[in-house]
Amino acid sequence: MERYALAIHGGAGTIPRTSMTPEREKAYRDALETALRRGHAVLVAGGAALDAVQAAVQMLEDSPHFNAGKGAVFNADGQHEMDASLMNGADLSAGAVAGVQNVKNPVQLARRVMDASGHVLISGLGAFEFAHKQKIPLEDDQYFFDQFRYEQWQETVGTDDYKLDHSADSDADKERKFGTVGAVALDKHGNLAAATSTGGMTNKKWQRIGDSPIIGAGTYANNASCAVSCTGHGESFIRAVAAHDVHALMAYKGLSLQEAVRVVVHEKLPPLDGDGGLIAVDKDGNVVLDFNCSGMYRGHVGADGVLHTAIFR
Ligand code: ASP
């Protein structure tokens, strides 16, 4: 039987069950299923893992439910600064953008960086200029506006606080919003790929950049081992070089995917305040979706075509 697999996430963090009405849960699950179907269609047709993860992440970017693309959080200036990256496990090529504004699908721009820029990571105005030159679809500020995100921002605007939606919550009934999105895939040809996209943290300043566009921290893929996409407290994931660490534990120590993910998520990240989780797939099509907080929007699908989605443990 042919082996291929796709896993996606829509962020991890504190998700109080009390805030999850059946309607909301359905909306999230529907959005996850739509993204899974999109990526799965690419894989069924014999397409590349890289195209599958990009297709799935673009779908999630287009959904206002997640903190990426449409629905990205507000920074301290009331703008949306987005980060994204993707990596091809076949040849270790990678593309990433940081702090980009008005780009409809940051992961699409990251792909163009990989394919056409001669660079791996570009940022800010330069990235915008590149997007413009490459005729990447742009949107005005209004497109990215979401009332819920706006209200989140209003709680912190004018203060030095930023909202990392993954931080431990003293008020258990208050939802900490997250919603970075990501995808990992194994295609029929045995190639692995990963992609991640985010709006970062509410009220972020100083052009803060998280782990999502950092190859090795938030995203990593290598045909020798696995493909990984992370979500969580970006600063901690950068310090842990979390995504690459999963690869390293498999490649150098011979751990299974499941064991490597467990070590990173439950042993290495917690001492660094690394709340969050990650999704990963290995070269045999095993899929692991793990997190060290109360929930993670997630889903996966394999060659049998059965869609699986979940939010809580
Ligand atoms: N990791 C992202 C960041 O720190 C946030 C997230 O996962 O939601 O920018």
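Now for a description of the structure that goes with this document. (Residues numbered from 1 in each chain as written. Predicted model: local features only at pLDDT ≥ 70, side-chain atom pairs only at ≥ 80, totals over all residues. Heavy atoms only, no water.)

What follows covers empty space enclosed by the protein. Under the counting rule described, the total for this entry stands at two cavities of 30 Å³ or more. In this structure, the second largest cavity encloses a volume near 30 Å³. Around the second largest cavity sit Gln79, His80, Gln101, Asn102, Asp141 and Phe144, which together line it. (1 Å grid on protein atoms, 1.4 Å probe; cavity = no way out; pocket = protein on both sides within 12 Å on 5 of 7 lines; lining within 4 Å. Points joined across faces, edges and corners; volume = space filled by probe spheres on them.)

So, about the sheet that holds strand 10 (residues 287-291). An order of 7-8-9-10 is seen for the four strands of this open sheet, with the pairing classed as antiparallel. Each edge of the open sheet carries a strand with a single partner, namely strand 7 (219-221) and strand 10. On average, adjacent strands in this sheet sit at an angle of 10° to one another, irrespective of strand direction. With seven bridges connecting them, strand 8 (residues 226-232) and strand 9 (residues 276-282) associate as antiparallel partners. Bridging across to strand 9, threonine 231 finds its partner in glycine 277. In the packing of helix 8 (residues 242-251) onto the sheet, contacts are made with strand 7, strand 8 and strand 9, and the angle to strand 8 comes to roughly 145°. (Pairing = 2+ DSSP bridges. Helix = DSSP H or I, 4+ residues; strand = E, 2+ residues; numbered from the N terminus. Axes fitted to C-alpha atoms, helices over the stretch in contact; angles between N-to-C directions. Contact = heavy atoms within 4.5 Å.)

Turning to helix 4 (residues 124-133), its buried residues are Ala127, Phe130 and Ala131. The arc that holds every buried residue of helix 4, seen down its axis, measures 100°, which confines them to one face. Along helix 4, the residues that are exposed and aim more than 90 degrees away from the buried face are Leu125, Glu129, His132 and Lys133. Those residues of helix 4 hidden inside the fold are in contact with strand 3 (93-100), helix 3 (106-116) and strand 4 (121-123). Among the residues trailing helix 4, lysine 135 stands out with phi positive, at a value near 60°. (Buried < 20%, exposed > 50% of the residue type's maximum accessible area, 1.4 Å probe, protein only. Arc of directions from axis to C-beta.)

The next subject is the pattern of salt bridges. Scanning the entire structure with this criterion turns up 11 salt bridges. For glutamate 25, the salt bridge is made with arginine 29, and the minimal N-O distance between the two is 3.1 Å. In this pair, glutamate 25 and arginine 29 both sit in helix 1 (residues 22-44), four residues apart, roughly one turn of the helix. Owing to a relative accessible area of 26%, arginine 29 belongs among the partly exposed residues under this scheme. In this structure, the salt-bridge partner of arginine 208 is glutamate 235, at a minimum N-O distance of 2.8 Å. You can see arginine 208 sitting in the loop between strand 6 (192-198) and strand 7 and its partner glutamate 235 sitting in helix 7 (residues 234-239), a full 27 residues away along the chain. Linked by salt bridges that have partners in common, Asp51, Arg111 and Asp115 make up one network. (Salt bridge = Lys/Arg side-chain N within 4 Å of Asp/Glu carboxyl O.)

For the rest of this paragraph, the subject is the nonpolar core. Of all hydrophobic cores here, the largest spans 49 residues; its most connected members are Leu6, Ile8, Phe66, Leu109 and Tyr297. When residues in this core are grouped by element, the largest group, eight residues, is from helix 2 (residues 49-61). Those residues in contact with leucine 6, other than ones at most four positions away along the chain, are Ala35, Leu36, Gly39, His40, Leu43, Ala183, Val184, Ala185, Gly299, His300 and Val301. Residues Ala5, Ala12, Ala194 and Ile279 belong to the second largest nonpolar core, which totals 37 residues. (Core = buried A, V, L, I, M, F, W, Y, C linked by side-chain atoms within 4.5 Å.)

Neighbouring the ligand are 10 residues, the closest being Thr180, Arg208, Asp211, Thr231 and Gly232. Here an oxygen atom of the ligand and a side-chain polar atom of arginine 208 are 2.8 Å apart. In the complex, the protein chains occlude 99% of the 270 Å² of accessible area that the ligand would expose alone. Counted by class, the shell around the ligand contains no nonpolar, eight polar and two charged residues. (Near = heavy atom within 4 Å. Polar contact = N/O pair within 3.5 Å; in protein donor to acceptor, adjacent residues only side chain to side chain. Areas by Shrake-Rupley, 256 points an atom, 1.4 Å probe, with all protein chains shown as cover. Nonpolar A, V, L, I, M, F, W, Y, C, P; charged D, E, K, R; others polar.)

Turning our eyes to something else, we now look at the pairing of strand 10. Note that strand 9 and strand 10 share five bridges and pair antiparallel. Residue pairing across strands places valine 281 opposite valine 287, the latter belonging to strand 10. Counted between consecutive antiparallel strands, the loop separating strand 9 from strand 10 contains four residues, among which glycine 285 sits at a positive phi close to 90°.

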